[in-house]
Amino acid sequence: MLRRIAFVAAAALSLGLSPLALRLGPAAGSLLLVAAAVLLAVAASGAVVSLAVAGGALGALAFGLAGAASPAAAGAALAGLCFAERSVRVRGRGARLLHVGAALSGGALAGSLLAAFGAASLALRGVALAVSAVLVALPFLVDADDPVAHALDGLAGEVTGPARASLREGAELRRTIAGEELRGRRAARQARATWSSLLRLAEARARLERTLAVGRAAQGREARKGEPPPAGAGGAEAAPAGARAVGAAAEAVVGKVDARIADHVAALTRTYTAVSAALAAEASLDDAALVGVETMGDALEQVSKTMVEEV
């Protein structure tokens, strides 16, 4: 909920600063528009990632170019590009198209509304700005995958072996607990650090997988050639042996990284399971309402018995 409020505030800031940016000159106005659009894109994404920053910068450029010709097109371009990173994380083709359509239509309506009330009183312009900010937030009605879960799922498709199953398990856990925070700042901070560590391990594992694939392809090409080394070429015989040694060391590192990934996922699963169990136990102990209803029921039954006996 707080993220949605922050996005609406960022949208109001970005849309409200556009008239001021036009009066500041090319350099200062452009920097202000880009900064506001990047802030809007980061708020839409919920994370500071390169695609969100790039989408915000491109959205500011499109908004500035199309603003004078068509406010609706300018608003649609700004909203669509700022929501580009989130659109990628929407699961399902139909839902993704709906998300993109909501971003474009909401941005177009916001741009048209601001242009229509551009010469109105300050109060009306404030109301129009607030309504426009809410319209830009229409894509939030479509669910999107969690950024960490989406990244883990994508990296799982690039690796083989036990790491693939561990990363997909971690992605599913992240989707299950999305939006939940552990109680206590220290516990929440440690959980965020563990998720970040898991993501770094997954990226390193995928990078190592790609490197090993290149090495295996090179060894396969050498094996298909089948050319014997020239006489006295000791270095040529040592090179394959050295390559095999490097490959064996890399395979050992792969096993260690896979084990560390599995340990991270297991620790996170155990932690969130314990938290869920504790919350469920706490809810089961809160029986004040139950005791109150039972007491009231006993009292009403006693009243009914008394009335029957009197009759």
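Residues numbered from 1 in each chain as written. Predicted model: local features only at pLDDT ≥ 70, side-chain atom pairs only at ≥ 80, totals over all residues. Heavy atoms only, no water.

**Looking at the overall build of the chain**
So, point 1. Counting its regular elements, the chain contains twelve helices and zero strands.
So, point 2. Ordered by position from the N terminus, the helices and strands of the chain form the series α-α-α-α-α-α-α-α-α-α-α-α.
So, point 3. Across the 311 residues of the chain, 31% fall into the buried class.
So, point 4. A separation of at least 24 residues holds for 70% of the contacts in the chain among residues at least 6 apart in sequence. (Helix = DSSP H or I, 4+ residues; strand = E, 2+ residues; numbered from the N terminus. Buried < 20%, exposed > 50% of the residue type's maximum accessible area, 1.4 Å probe, protein only. Contact = heavy atoms within 4.5 Å.)

**Side note on the side chain of R175**
So, point 1. Topologically, R175 is positioned in helix α9 (residues 162–176).
So, point 2. There is a polar contact of 2.9 Å between the side chain of R175 and the side chain of D145.
So, point 3. Those residues in contact with R175, other than ones at most four positions away along the chain, are R91, D145, A149 and D153. (Polar contact = N/O pair within 3.5 Å; in protein donor to acceptor, adjacent residues only side chain to side chain.)

**Regarding the nonpolar core**
What tends to happen in soluble globular proteins is that the nonpolar side chains get buried as a cluster.
So, point 1. Core analysis: the biggest nonpolar cluster contains 24 residues, and L152, L167, W195, L198, I261 and Y272 have the highest contact counts within it.
So, point 2. Elements with a contribution of two residues or more to this core: α8 (147–156), α9, α10 (185–225) and α11 (234–285).
So, point 3. Examining the composition of this core, we find that seven residues originate from one element, α10, more than from any other.
So, point 4. Judged by nonpolar contacts, the second largest core, of 23 residues, contains F7, L15, A44 and A137. (Core = buried A, V, L, I, M, F, W, Y, C linked by side-chain atoms within 4.5 Å.)

**Observations concerning the pattern of salt bridges**
Pairing of side chains with opposite charge becomes possible as their charged atoms draw close.
So, point 1. By the definition in use, this model includes eight salt bridges.
So, point 2. Between R174 and D146 there is a salt bridge, with the nearest N and O atoms lying 2.8 Å from each other. Of this pair, R174 sits in helix α9 while D146 sits in the loop between α7 (122–136) and α8, and the two are 28 residues apart along the sequence. Accessibility classification places R174 together with D146 in one group, the buried group.
So, point 3. For R175, the salt bridge is made with D153, and the minimal N-O distance between the two is 2.6 Å. (Salt bridge = Lys/Arg side-chain N within 4 Å of Asp/Glu carboxyl O.)

**Comments concerning the side chain of R205**
So, point 1. With respect to the secondary-structure elements, R205 resides in helix α10.
So, point 2. Owing to a relative accessible area of 2%, R205 belongs among the buried residues under this scheme.
So, point 3. Once you skip the residues sitting within four places of it in the chain, R205 turns out to touch V159, T160, A163, V254, V257, D258 and I261.

**Digging into the packing of α8 against α9**
So, point 1. As a packed pair, α8 and α9 sit with axes 8 Å apart at the nearest point and diverge in direction by 165°. Judged by the inter-axis angle, α8 sits roughly antiparallel to α9. You can see that α8 and α9 cross each other, and the crossing is left-handed. Between α8 and α9, the contacting residues are V148, A149, L152, D153, L155 and A156 on the first element and R164, L167, R168, G170, A171, R174 and R175 on the second.
So, point 2. Of the residues in the contact of α8 with α9, the class split is seven nonpolar, one polar and five charged. (Axes fitted to C-alpha atoms, helices over the stretch in contact; angles between N-to-C directions. Parallel < 35°, antiparallel > 145°, perpendicular 65-115°, else oblique. Left-handed = near helix turned anticlockwise from the far one by under 90°. Nonpolar A, V, L, I, M, F, W, Y, C, P; charged D, E, K, R; others polar.)

**Observations concerning helix α6 (residues 93–116)**
In an α-helix, one turn spans 3.6 residues, which is why side chains three or four residues apart end up on the same side.
So, point 1. The first and last C-alpha atoms of α6 sit 34 Å apart over 24 residues, in line with the 34 Å expected at 1.5 Å per residue.
So, point 2. Taken residue by residue, α6 has H99, A102, A103, G106, G107, A110 and G111 as its buried positions. (Expected span 1.5 Å × (residues − 1).)

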